[in-house]
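# Coordinate analysis (summary)
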Amino acid sequence: MRGLRQGRPPGDEAALASARRYEAFGRVMAALATEAEVLESCRDLTWWRGADHSWHLEWRDGPSASEVAALLVERVRDPDHDPDNDGDLVTPMSPAGAASAVLDVMGVRVELRAIDPMGRERLRVRQNFWRLAEALDTSRPAGARRAWEELLGG
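In short, a report on the structure.

What counts, and where the lines are drawn
- Residues numbered from 1 in each chain as written.
- Predicted model: local features only at pLDDT ≥ 70, side-chain atom pairs only at ≥ 80, totals over all residues.
- Heavy atoms only, no water.
- Helix = DSSP H or I, 4+ residues; strand = E, 2+ residues; numbered from the N terminus.
- Buried < 20%, exposed > 50% of the residue type's maximum accessible area, 1.4 Å probe, protein only.
- Contact = heavy atoms within 4.5 Å.
- Areas by Shrake-Rupley, 256 points an atom, 1.4 Å probe, with all protein chains shown as cover.
- Phe/Tyr/Trp six-rings, centres within 6.5 Å; stacked < 30°, edge-to-face > 60°.
- Expected span 1.5 Å × (residues − 1).
- Pairing = 2+ DSSP bridges.
- 1 Å grid on protein atoms, 1.4 Å probe; cavity = no way out; pocket = protein on both sides within 12 Å on 5 of 7 lines; lining within 4 Å.
- Points joined across faces, edges and corners; volume = space filled by probe spheres on them.
- Core = buried A, V, L, I, M, F, W, Y, C linked by side-chain atoms within 4.5 Å.
- Polar contact = N/O pair within 3.5 Å; in protein donor to acceptor, adjacent residues only side chain to side chain.

## A closer look at the overall build of the chain
For the chain, the helix and strand inventory stands at seven helices and five strands. Scanning the chain from its N terminus toward the C terminus, one meets helices and strands in the order α-α-β-β-α-α-β-β-β-α-α-α. Burial status across the chain gives 31% buried among its 154 residues. Put simply, 51% of the contacts in the chain that link residues at least 6 apart link residues at least 24 apart. When the accessible area of the chain is evaluated, it comes to approximately 9,700 Å², of which 51% is carbon and sulfur surface.

Shown next as structure tokens:
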């Protein structure tokens, strides 16, 4: 039958590929959302789809690209996916560095670019960096100064 491949209409494969790209991007963003410290530390976080249908994520300050890549390798999961039979959902495509990393996420190329990264360890010890986790810390005594008070001099 002409125009059909594997029992699918001709435009169906393109729609599936497009859906796969957006699913991969959604899983990346969901994994990043589980780490509030990572998202809070990134200034100017932006993303766009490349001409080759890859995804590009870029940020200033914050963690290095290799740290974000490691986080994505660890956190992008699917309960119906069997890594023993199907392989990992996220695999590095090249060695990751402080400034850039390239991953294959569910068959979709994802490029990470950190501009002037500080690294997660350095961010944790930075005194003037207000972190939401510190602001919401309920274990402090009632009269103790909060992180935002120290930052603003209040």
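We are not done yet, so read on.
## Comments concerning the packing of aromatic side chains
The description of two aromatic rings rests on the distance between their centres and on the angle between their planes. According to the stated counting rule, one finds three aromatic pairs in the structure shown. Relative to Trp47, the ring of Phe25 lies with its centre 5.8 Å away and its plane at 45°, an arrangement referred to as tilted. Of the two residues, Phe25 sits in helix H1 (residues 12-33) while Trp47 sits in strand E1 (residues 42-49), which places them 22 residues apart along the sequence. Residue class for Phe25 comes out buried when judged on its relative accessible area of 12%. A relative accessible area of 39% means that Trp47 is categorised as partly exposed. Between Phe25 and Trp55, the aromatic rings sit 4.2 Å apart at their centres with planes inclined by 20°, giving stacked as the arrangement.

## Here's the deal with H1
Spanning 22 residues, H1 covers 31 Å between terminal C-alpha atoms, matching the ideal 32 Å at 1.5 Å per step. Looking at the buried residues of H1, the elements they touch are helix H2 (36-41), E1, strand E2 (55-61), helix H3 (65-75), strand E4 (100-105) and strand E5 (108-115).

## Re the pairing of E4
Bridge analysis of strand E3 (residues 90-92) against E4 gives three bridges, and the strand direction is antiparallel. Its bridge partner lying in E4, Val90 is registered against Val105. Both E4 and E5 contribute to a ladder of six bridges, which runs antiparallel. Residue pairing for E5: Val105 is matched across the bridge by Val108.

## As for empty space enclosed by the protein
As enumerated under the stated definition, the model contains one cavity of 30 Å³ or more in all. Size it by volume and the largest cavity reaches roughly 40 Å³. In terms of lining residues, the largest cavity is bounded by Leu32, Val38, Leu39, Cys42, Leu45, Leu57, Trp59 and Val68. Elements with a contribution of two residues or more to the lining of the largest cavity: H2, E1 and E2.

## Some points on the nonpolar core
Counting 27 residues, the largest nonpolar core has Leu32, Leu57, Trp59, Leu72, Val105 and Leu112 as its most contacted members. When contributions to this core are tallied by element, the ones reaching two or more residues are H1, E2, H3, E4 and E5. Sort the elements by how many residues they give to this core and H1 lands first, with six residues. With sequence-adjacent residues up to four places away left out, Leu72 is seen in contact with Val28, Ala31, Leu32, Val90, Leu103 and Leu112.

## Examining the side chain of His56
Counting through the fold element by element, His56 comes out in strand E2. Side chain to side chain, His56 and Ser54 meet in a polar contact 3.2 Å long.

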